[in-house]
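Coordinate inspection notes
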Amino acid sequence: AQRVTQPEKLLSVFKGAPVELKCNYSYSGSPELFWYVQYSRQRLQLLLRHISRESIKGFTADLNKGETSFHLKKPFAQEEDSAMYYCAQRNTGFQKLVFGTGTRLLVSP
Amino acid sequence: DVKVTQSSRYLVKRTGEKVFLECVQDMDHENMFWYRQDPGLGLRLIYFSYDVKMKEKGDIPEGYSVSREKKERFSLILESASTNQTSMYLCASSLSYNEQFFGPGTRLTVL
């Protein structure tokens, strides 16, 4: 079965520190990988997807097929980055997403 | 902007009641999804629909059913609510294999 693993439930950093939220997936083919974010009192929204290879709000994520990872990184965290982050995968030809358990990022001043 | 709306933000029901959660999207998306969101468990797919009157079970369909009579509306039904169905329910929609857009969620409490 597909599985997306986010090992950290909570990641707490200081403003200006680098951030890396870990995500590992289990599918052996060519999945699509996504990061979704939920800010306080807001709806869940797409942050970025690996096929677009872009940086959103300073975040980047690189798909590493050898390590089956899709870690989310930002060199200098900001307080407004505090949110719940979910990694998700979708396998080729399928509509549904499989989500990880989420990591809460807390950026302190 | 895509708009996905859910009928209630908060709902309190009693054990055994039949519960309807409604979701409406206004962008002509063919795919619609129902998830439940629980701390430590993330989002788990209950059911999804890729067309009117079509539905497929997700990962945790037990105790739930769905209805999609019109393209814009996807209903989640709890036939006989139980306390373990207390959760946040999220609806989402998407166009083909594109980004899923989420509603604001319904926090359901079953007493």
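Everything numeric here is computed off the predicted structure, so don't read it as measured data.

So, about the nonpolar core. Within the largest apolar cluster, 24 residues are counted, with the highest numbers of intra-cluster contacts made by Trp-35, Leu-72 and Tyr-85 of chain A. Taken together, the elements giving at least two residues each to this core come down to β2 (10–14), β3 (19–21), β5 (32–38), β6 (45–49), β9 (83–90) and β11 (103–108) of chain A. Residues Ile-60, Phe-74, Leu-76 and Leu-108 of chain B belong to the second largest nonpolar core, which totals 20 residues.

A few words on the packing of aromatic side chains. Residue and element names in this part refer to chain A. Inspection of the entire model under this criterion finds 11 aromatic pairs over all chains. A centroid spacing of 5.6 Å and a plane angle of 50° characterise the contact between Phe-59 and Tyr-85, whose relative ring orientation is tilted. Taken as a pair, Phe-59 in the loop between β6 and β7 (60–61) and Tyr-85 in strand β9 lie far apart in primary sequence, 26 residues in all. A single burial state applies to Phe-59 and to Tyr-85, both of which are buried. Summarising the aromatic geometry, the rings of Tyr-86 and Phe-99 are spaced 6.3 Å apart at their centres and angled 90° between planes, so their arrangement reads as edge-to-face. With a gap of 13 residues between them, Tyr-86 in strand β9 and Phe-99 in strand β10 (residues 98–99) connect regions that are remote in the sequence.

What counts as what
- Residues numbered from 1 in each chain as written.
- Chains lettered and ligands numbered in written order.
- Predicted model: local features only at pLDDT ≥ 70, side-chain atom pairs only at ≥ 80, totals over all residues.
- Heavy atoms only, no water.
- Core = buried A, V, L, I, M, F, W, Y, C linked by side-chain atoms within 4.5 Å.
- Buried < 20%, exposed > 50% of the residue type's maximum accessible area, 1.4 Å probe, protein only.
- Helix = DSSP H or I, 4+ residues; strand = E, 2+ residues; numbered from the N terminus.
- Phe/Tyr/Trp six-rings, centres within 6.5 Å; stacked < 30°, edge-to-face > 60°.

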